[in-house]
Amino acid sequence: MHCPKCSAEMEITSYDQIKVDRCTNCKGLWFQPEELAALRNDIWMADYILDEGDAKVGKKYNQIVAIQCPECGVAMKQEFDAEQPHIIYESCPDGHGTYLDAGEFTDIVHKTFWDKFKRS
Ligand SMILES: [Zn+2]
Ligand SMILES: [Zn+2]
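Here's what I pulled together on the structure shown here.

### Digging into the overall build of the chain
Right, on to step 1. Across its full length, the chain carries four helices and six strands.
Right, on to step 2. Overall, the chain shows an N-to-C arrangement of helices and strands of β-β-β-α-α-α-β-β-β-α.
Right, on to step 3. With 120 residues in all, the chain has 45% of them scored as buried.
Right, on to step 4. Across the chain, the fraction of contacts at a sequence separation of at least 24, relative to all contacts at a separation of at least 6, is 51%.
Right, on to step 5. Within the structure as shown, the chain displays about 6,500 Å² of accessible surface, and the carbon and sulfur contribution to it stands at 53%.

As structure tokens, then:
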């Protein structure tokens, strides 16, 4: 599979039972819908392992919005994160997955973690 943003090869990286595709160049992450849901709710350490890219690089690639689903080639649609609307990511309208630029997953997970911390 190739990165929808920079066309470099994606490699499979895994955390626990969950496998995620990560770009070897820009370090963007491709999540299947159920993987993202599982990771953001349960495993707050996952970002250190999966999201190893530079957030500055991620910000640059975040400007690229006209991308196609790496699995089906359909134009992806932009979505704002429900909890953190400053985080914008691209999802396949046919439900193949979601693309997060480097640093965005860390951002999402940290919010979740601090929320839990505040509640407890
Ligand atoms: Zn890339
Ligand atoms: Zn697709």
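More follows now that the structure is in view.
### Quick word on the coordination of the zinc ion (ligand 2)
Right, on to step 1. The protein atoms that coordinate the zinc ion (ligand 2) are Cys-69 (SG), Cys-72 (SG), Cys-92 (SG) and His-96 (ND1), at distances of 1.9 to 2.3 Å.
Right, on to step 2. Within one chain, the residues serving as donors to the zinc ion (ligand 2) are arranged as C-x2-C-x19-C-x3-H. Highlighted residues: Cys-69 in the loop between helix 3 (55-62) and strand 4 (77-80) and Cys-92 in the loop between strand 5 (88-91) and strand 6 (98-100), separated in sequence by 23 residues. The pair Cys-69 / Cys-92 is uniform in exposure class, with both members buried.

### So, the sheet that holds strand 3 (residues 29-31)
Right, on to step 1. Reading across from one edge, 1-2-3-6-5-4 is the order of the six strands in this open sheet, with antiparallel pairing throughout. Edge positions in the sheet fall to strand 1 (10-15) and strand 4, since each has one partner strand and no second. Taken over all neighbouring pairs, the strand axes of this sheet differ in orientation by 35° on average, direction set aside.
Right, on to step 2. Sheet topology places strand 1 next to strand 2 (residues 18-23); six bridges connect them, and they run antiparallel. By the bridge assignment, Ile-12 is partnered in strand 2 with Asp-21.

Analysis parameters
Every chain is numbered independently, its residues counted from 1 as its sequence is written. Chain letters and ligand numbers both follow the written order, the letters beginning at A and the numbers at 1. Per-residue local features of the predicted model are confined to residues with pLDDT of at least 70, and side-chain atom pairs are confined, for both listing and counting, to 80 or more; whole-chain, interface and lining totals are unaffected and use all residues. By convention in this description, side-chain values take in all heavy atoms of the structure and omit both hydrogens and water. Each helix corresponds to a stretch of at least 4 residues labelled H or I by DSSP, and each strand to a stretch of at least 2 residues labelled E; elements are numbered beginning at the N terminus. Buried means the residue's accessible area, taken with a 1.4 Å probe over protein chains only, is under 20% of the maximum for its type, while exposed means over 50%, and partly exposed covers the values in between. In what follows, a contact means two residues having at least one pair of non-hydrogen atoms within 4.5 Å. In these tables, accessible area is a Shrake-Rupley quantity obtained with a 1.4 Å probe, and a residue counts as shielded only by the protein chains included in the view. Metal-coordinating donors are taken as N, O and S atoms lying within 2.8 Å of the metal, or within 3.2 Å when the metal is Na, K or Ca; because water is left out, some sites can appear incomplete. For two strands to count as paired, DSSP must find a minimum of two bridges between them. Note on method: axes are straight lines fitted to C-alpha atoms, helices fitted across the in-contact stretch only, with angles between N-to-C directions ranging 0 to 180 degrees.

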